[in-house]
Amino acid sequence: MGATLLSELGTEIAIPVCAVVGIVFSLVQWFLVSKVKLTPDRHGPSSSPRNNKNGYGDYLIEEEEGINDHNVVVKCAEIQNAISEGATSFLFTEYQYVGIFMAAFAVLIFLFLGSVEGFSTKSQPCTYDKMKTCKPALATAVFSTLSFLLGALTSVLSGYLGMKIATYANARTTLEARKGVGKAFIAAFRSGAVMGFLLAANGLLVLYIAINLFKLYYGDDWEGLFEAITGYGLGGSSMALFGRVGGGIYTKAADVGADLVGKVERNIPEDDPRNPAVIADNVGDNVGDIAGMGSDLFGSYAESSCAALVVASISSFGINHEFTAMLYPLLISSMGILVCLITTLFATDFFEIKAVKEIEPALKKQLIISTIIMTVGIAIVSWIALPSTFTIFNFGTQKVVKSWQLFLCVGVGLWAGLIIGFVTEYYTSNAYSPVQDVADSCRTGAATNVIFGLALGYKSVIIPIFAIAISIFVSFSFAAMYGIAVAALGMLSTIATGLAIDAYGPISDNAGGIAEMAGMSHRIRERTDALDAAGNTTAAIGKGFAIGSAALVSLALFGAFVSRAEISTVDVLTPKVFIGLLVGAMLPYWFSAMTMKSVGSAALKMVEEVRRQFNTIPGLMEGHAKPDYATCVKISTDASIKEMIPPGALVMLTPLIVGTFFGVETLSGVLAGSLVSGVQIAISASNTGGAWDNAKKYIEAGASEHARTLGPKGSEPHKAAVIGDTIGDPLKDTSGPSLNILIKLMAVESLVFAPFFATHGGLLFKIF
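Not measured: the values here are computed from a predicted model.

A.B. asks: Is there a simple way to explain the overall build of the protein in this structure?
C.D. replies: Assigned secondary structure in the protein consists of 24 helices and four strands. What you see for the protein is a C-alpha radius of gyration of 26 Å, in line with the 27 Å of a compact globule of 768 residues. Each principal axis of the C-alpha atoms in the protein carries an extent, and together these give about 80 × 60 × 45 Å. The buried share among the 768 residues of the protein stands at 64%. When contacts within the protein are restricted to residue pairs at least 6 apart in sequence, those whose partners lie at least 24 apart make up 84%. Averaging the positions of the 51 positive and the 61 negative side-chain charges in the protein gives two centres separated by 1 Å.

Next comes the structure, spelled out in structure tokens:
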């Protein structure tokens with residue numbers, strides 16, 4: 001034991017300052033993106049200064065690229081407005097429905113937790129030290145409900161801000177592509193960085209403020225304080241689930257409809273303005289891949305922080321009221337913001353991209369640079385914020401841990417994330433043999449393409465699972481469940497960079513769509529396609545990070561739940577636990593079936609509508625008439641709102657039903673089963689879908705001799721690749737990414753309701 005180098009006052013200053021620095025940096029990036037004007041410059045290119053490094057004021061002399069074509073700029077602005085309005089309208093509709101669900105669930109939290117002690121206002125003996133008194137269960141009910149609502153609102157804000165930034169930037173990226181691929185890359189990446197830093201900084205700042213406000217009431221009862229804070233993670237993941245599922249159904253219904261009718265049946269380009277589903281498709285990229293992903297990673301961050309804080313509160317940090325050491329997880333996240341800020345400058349200011357082949361390496365360097373610098377950052381935080389020796393709660397005992405051991409726990413999570421990222425890239429990038437083999441299999445039709453893609457997805461699970469397993473073993477050996485929680489935080493410590501390269505993908509995808517719809521030259525579309533192909537891979541890497549961190553977070557939450565529910569051991573040989581394992585392992589399949597069928601049903605309606613318009617609107621195929629975009633947007637909106645409720649209810653109600661009727665032992669089996677099963681399916685689904693998508697792009701780009709033998713667009717191998725991509729769409733953008741929320745959400749919900757389940761749960765076993 002011993003004092004920390006960083007004082008309590010220093011901690012109270014450092015965390016909010018780092019959060020504010022992140023917010024300011026994101027606003028600076030937004031300002032730089034906003035310098036790309038969406039209004040025609042009537043004075044021509046000579047009115048702009050020339051000395052800006054990133055080319056905002058370069059002479060624009062390439063007439064072929066439409067630099068001086070005012071109509072192109074106006075057209076881009078109109079398309080961007082249509083996409084932005086569609087995305088905003090959908091999110092407002094979605095949030096209205098989800099808001100009702102959240103209000104009802106908040107009431108449930110209050111009633112369940114308040115009833116633990118019969119809504120008594122008397123102080124009660126502390127769970128882990130019966131000699132001391134803690135705040136009443138009613139206080140836990142009230143503050144857990146408040147933190148749940150706070151987490152839900154922050155998650156909504158994260159998703160909404162991400163969507164607004166992405167729709168603000170897509171047309172600007174298109175216009176920058178006229179000057180070269182480097183300028184377009186910087187516009188897209190800076191826009192992604194705005195989202196990444198806003199989300200990371202907001203999540204950290206709101207959690208820090210909530211802890212300090214709750215401390216005014218709880219005082220020295222840190223155990224009760226951080227138990228109530230777990231509601232923050234529950235609120236974040238609840239909203240993320242509906243955002244991911246609803247947004248995923250929306251985007252894939254439009255994407256499948258646009259692809260099957262437009263590309264396969266009518267043989268027109270992906271984002272051709274004649275395609276009635278094209279606006280809905282572009283809207284979907286923002287509400288699914290941006291808003292949904294933002295909420296998802298915010299939920300992971302909130303839950304891993306909450307899991308670490310709960311375990312720390314009953315360890316020496318909480319027992320001895322060591323404020324700096326207690327907030328070690330928040331200090332790690334604060335350091336992460338500073339590290340990501342430096343890393344971002346490498347992509348936007350220190351090095352410039354001059355060729356298409358430099359895009360993907362530049363994004364990979366972001367991951368490598370941030371991981372290396374963050375390793376040093378973790379060492380610094382561990383040195384100044386931790387006593388040299390301390391104890392960590394370990395299932396009823398206190399385990400002695402040294403500060404360097406905790407540094408290794410965070411470090412192993414950080415580097416495991418990098419390994420998962422690179423394995424994901426290997427299996428989903430068309431620069432490597434796995435995706436090229438999938439593309440080659442298209443020569444014999446869609447069936448062999450599907451077989452190769454499924455095999456690739458299953459195989460891609462192996463190394464990430466070993467990386468997660470080693471992380472768990474090392475971190476648990478050193479620091480029990482707290483070690484696993486901070487390993488998850490290590491994986492998420494560079495969340496700002498991870499989100500920047502993830503959001504970059506949909507922004508580039510939209511930029512390509514706008515270039516096509518605005519009738520810009522083929523060279524512009526080649527540049528945006530190159531940005532998009534790299535973005536596909538980085539999006540898969542982002543999903544890999546989310547799934548890997550979800551596994552660690554869920555295990556840490558599971559450990560906290562077992563401790564809070566006062567379960568001495570989880571014995572899989574007992575019938576109560578084993579039936580839970582079976583049911584838990586089945587849940588990801590049930591959930592995936594619901595989400596995939598939802599996409600299929602919505603896509604069916606979309607395909608029928610797109611066909612109807614092509615068949616009944618005179619002159620549409622010739623380009624003389626305008627399609628009815630609004631009807632397709634409405635089909636996607638209505639389908640996603642209707643279809644997101646059942647899978648959401650399945651995840652939210654399962655822990656309540658199992659815990660209430662079957663008890664905490666069965667629920668522990670359900671959590672373990674869903675974790676083990678869900679991680680495998682999620683990695684496989686995401687990587688299979690990503691591989692099919694990039695196999696299609698590999699054929700379309702025709703960058704190698706092998707690719708040219710399979711193309712061009714419209715060839716039989718290309719049509720087979722489109723079918724594979726269409727099957728993979730709901731796998732990689734709806735079911736796969738939503739599964740990591742399923743395992744996290746069920747675990748954090750079980751932790752929040754643990755006092756109720758421990759007191760009143762297992763009604764059926766009590767009756768019989």
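A.B. asks: Is there a simple way to explain the packing of aromatic side chains in this structure?
C.D. replies: To describe a pair of aromatic rings, you give the distance between the ring centres and the angle between the ring planes. A full pass over the atoms with the stated rule returns 29 aromatic pairs. An aromatic cluster of three or more residues is present, and its members are F101, F105, F112, F148, F242, F753, F756 and F757. Geometry around Y168 places R172 over its ring, the cationic atom sitting 3.8 Å from the centre.

A.B. asks: Before we go on, may I ask you to explain the pairing of strand β3 (residues 389-394) in this structure?
C.D. replies: Remark: a regular strand shows side chains that alternate across the two faces of the sheet. Note: β3 against strand β4 (residues 397-402), six bridges, orientation antiparallel. Counted as the bridge partner of N394 is T397 from β4. Connecting β3 to the next strand, β4, in antiparallel fashion are two residues, including F395 with a positive phi near 50°.

A.B. asks: Quick question: what am I supposed to make of helix α3 (residues 137-176) here?
C.D. replies: Three or four residues apart is the spacing at which side chains of an α-helix point the same way, because the helix has 3.6 residues per turn. An ideal rise of 1.5 Å per residue puts 58 Å on 40 residues; α3 measures up with 57 Å between its terminal C-alpha atoms. Along its length, α3 reaches its greatest deviation from straightness, about 30°, at A169.

A.B. asks: Explain the nonpolar core to me, please; I cannot follow it from the model alone.
C.D. replies: Soluble, globular proteins show a tendency: their nonpolar side chains are buried together. Grouped together as the largest cluster of nonpolar side chains are 229 residues, with contacts concentrated most on F185, Y328, I359, Y482 and F561. Of the residues forming this core, the biggest block, 22 residues, is contributed by helix α4 (residues 181-218). When neighbours within four sequence positions are excluded, Y328 is seen to be in contact with I378, V381, S382, A385, L386, L406, F407, V410, Y482 and V486. Counting residues in hydrophobic clusters, the runner-up holds 18 residues, among them V438, A685, Y698 and I699.

A.B. asks: Looking at this structure, I do not really get the confidence of the model for the protein. What am I missing?
C.D. replies: Per-residue pLDDT for the protein has a mean of 87; in total, 95% of the residues score no lower than 70. Note on residues 42-66: pLDDT under 50 across the span, and 52 contacts to partners over four residues away in sequence or across chains.

A.B. asks: I keep staring at the pattern of salt bridges and nothing clicks. Help me out?
C.D. replies: Any two side chains of opposite charge can pair, given that their charged atoms come close. All told, the structure shown has 24 salt bridges when counted by the stated rule. D296 is paired through a salt bridge with R244; the nearest N and O atoms lie 3.6 Å apart. In this pair, D296 is assigned in helix α6 (residues 278-313) and R244 in helix α5 (residues 222-265), connecting sequence segments 52 residues apart. Judged by relative accessible area, D296 falls into the buried class, the value being 0%.

A.B. asks: What should I look at first to understand the side chain of N170 in this one?
C.D. replies: Secondary-structure assignment places N170 in helix α3. A polar atom in the side chain of N170 sits 3.4 Å from the side chain of Q80.

A.B. asks: Just to check I follow, could you spell out the packing of α4 against α6 for this structure?
C.D. replies: Two quantities define a packed helix pair, namely the angle between the axes and the distance from one axis to the other. Remark: α4 packs on α6, axes separated minimally by 10 Å, with the N-to-C direction vectors making an angle of 35°. Remark: the crossing between α4 and α6 carries right-handed chirality. Residue-level inspection shows M195, L199, G203, L204, L207 and I211 of α4 in contact with α6, the latter providing I290, G294, F298, Y301, S305 and L309. Each residue belonging to the contact of α4 with α6 can be placed in one class, and the counts come to nine nonpolar, three polar and no charged.

A.B. asks: What should I look at first to understand the environment of G235 in this one?
C.D. replies: With respect to the helices and strands, G235 occurs in helix α5. On a C-alpha basis, the gap between G235 and L153 in space is 7.8 Å, while along the polypeptide they are 82 residues apart. Beyond its immediate chain neighbours, meaning those up to four positions away, G235 contacts F148, G151 and A152.

A.B. asks: Hey, could you run me through the side chain of S508 in this one?
C.D. replies: Following the sequence through the fold, S508 ends up in helix α15 (residues 495-517). Judged by its relative accessible area of 0%, S508 is buried. Within the structure, the side chain of S508 is placed 2.9 Å from the backbone oxygen of Y504, a separation counted as a polar contact.

A.B. asks: Would you take a moment to explain the packing of α5 against helix α22 (residues 716-752) for this structure?
C.D. replies: Closest axis-to-axis distance for the α5/α22 pair is 9 Å, and the angle between their directions is 170°. Between α5 and α22, the angle falls in the class roughly antiparallel. Looking at the contact of α5 with α22 residue by residue, the classes come out as 16 nonpolar, 10 polar and 12 charged.

A.B. asks: Would you explain unusual backbone geometry in this entry?
C.D. replies: The bulk of non-glycine residues show a negative phi, and the bulk of peptide bonds are trans. One non-glycine residue with positive phi stands out, namely N267, at about 55°. Mapped onto the secondary structure, N267 falls in the loop between α5 and α6. We note that A480 has phi near 55°; this positive angle belongs to a residue other than glycine. For A480, the position within the fold is in helix α14 (residues 462-492). Residue A480 is classed as buried on the basis of its relative accessible area, which comes to 1%.

A.B. asks: What should I look at first to understand a nonpolar patch on the surface in this one?
C.D. replies: Side chains of L9, I13, V17, V21 and L338 sit close together on the surface and give an oily, nonpolar patch of about 400 Å² of accessible area. Here the nonpolar patch takes four residues from helix α1 (residues 8-34), the largest share from any one element. Mapped onto the fold, V17 is located in helix α1.

A.B. asks: Is there a simple way to think about the environment of L345 in this case?
C.D. replies: Its location among the elements puts L345 in helix α9 (residues 328-350). Not counting residues within four places of it along the chain, the set of residues in contact with L345 comprises F25 and F350.

A.B. asks: Is there a simple way to think about the state of the cysteines in this case?
C.D. replies: Each disulfide is one covalent bond, formed between the sulfur atoms of two cysteines. This structure, assessed with the given rule, holds zero disulfides. No disulfide involves C340; its nearest neighbouring cysteine sulfur is the one of C18, lying 12 Å away. Owing to a relative accessible area of 0%, C340 belongs among the buried residues under this scheme.

A.B. asks: Can you help me understand the environment of I657 in this one?
C.D. replies: Residue placement: I657 occurs in helix α19 (residues 645-662). Using a relative accessible area of 43% as the deciding quantity, one classes I657 as partly exposed.

A.B. asks: Would you take a moment to explain helix α16 (residues 522-564) for this structure?
C.D. replies: The terminal C-alpha atoms of α16 lie 61 Å apart, and with 43 residues this matches the ideal 63 Å at 1.5 Å per residue to within 8%. Here α16 lies mainly inside the structure; 39 of its 43 residues are buried. E566 lies just past α16 and shows a positive phi near 60°.

Rules and cut-offs
- Residues numbered from 1 in each chain as written.
- Predicted model: local features only at pLDDT ≥ 70, side-chain atom pairs only at ≥ 80, totals over all residues.
- Heavy atoms only, no water.
- Helix = DSSP H or I, 4+ residues; strand = E, 2+ residues; numbered from the N terminus.
- Rg over C-alpha atoms; globule rule 2.2 N^0.38 Å.
- Buried < 20%, exposed > 50% of the residue type's maximum accessible area, 1.4 Å probe, protein only.
- Contact = heavy atoms within 4.5 Å.
- Lys, Arg positive; Asp, Glu negative; His and termini not counted.
- Charge placed at Lys NZ, Arg CZ, Asp CG, Glu CD.
- Phe/Tyr/Trp six-rings, centres within 6.5 Å; stacked < 30°, edge-to-face > 60°.
- Lys NZ or Arg CZ within 6 Å of the ring centre and 35° of its normal.
- Pairing = 2+ DSSP bridges.
- Expected span 1.5 Å × (residues − 1).
- Bend = angle between axes of the 7 residues up to and from the residue.
- Core = buried A, V, L, I, M, F, W, Y, C linked by side-chain atoms within 4.5 Å.
- pLDDT = per-residue confidence, 0-100.
- Salt bridge = Lys/Arg side-chain N within 4 Å of Asp/Glu carboxyl O.
- Polar contact = N/O pair within 3.5 Å; in protein donor to acceptor, adjacent residues only side chain to side chain.
- Axes fitted to C-alpha atoms, helices over the stretch in contact; angles between N-to-C directions.
- Left-handed = near helix turned anticlockwise from the far one by under 90°.
- Nonpolar A, V, L, I, M, F, W, Y, C, P; charged D, E, K, R; others polar.
- Parallel < 35°, antiparallel > 145°, perpendicular 65-115°, else oblique.
- Patch = residues over 30% accessible without salt bridge, like charges linked within 9 Å, V, L, I, M, F, W, Y side chains within 5 Å.
- Areas by Shrake-Rupley, 256 points an atom, 1.4 Å probe, with all protein chains shown as cover.
- Disulfide = S-S within 2.5 Å.

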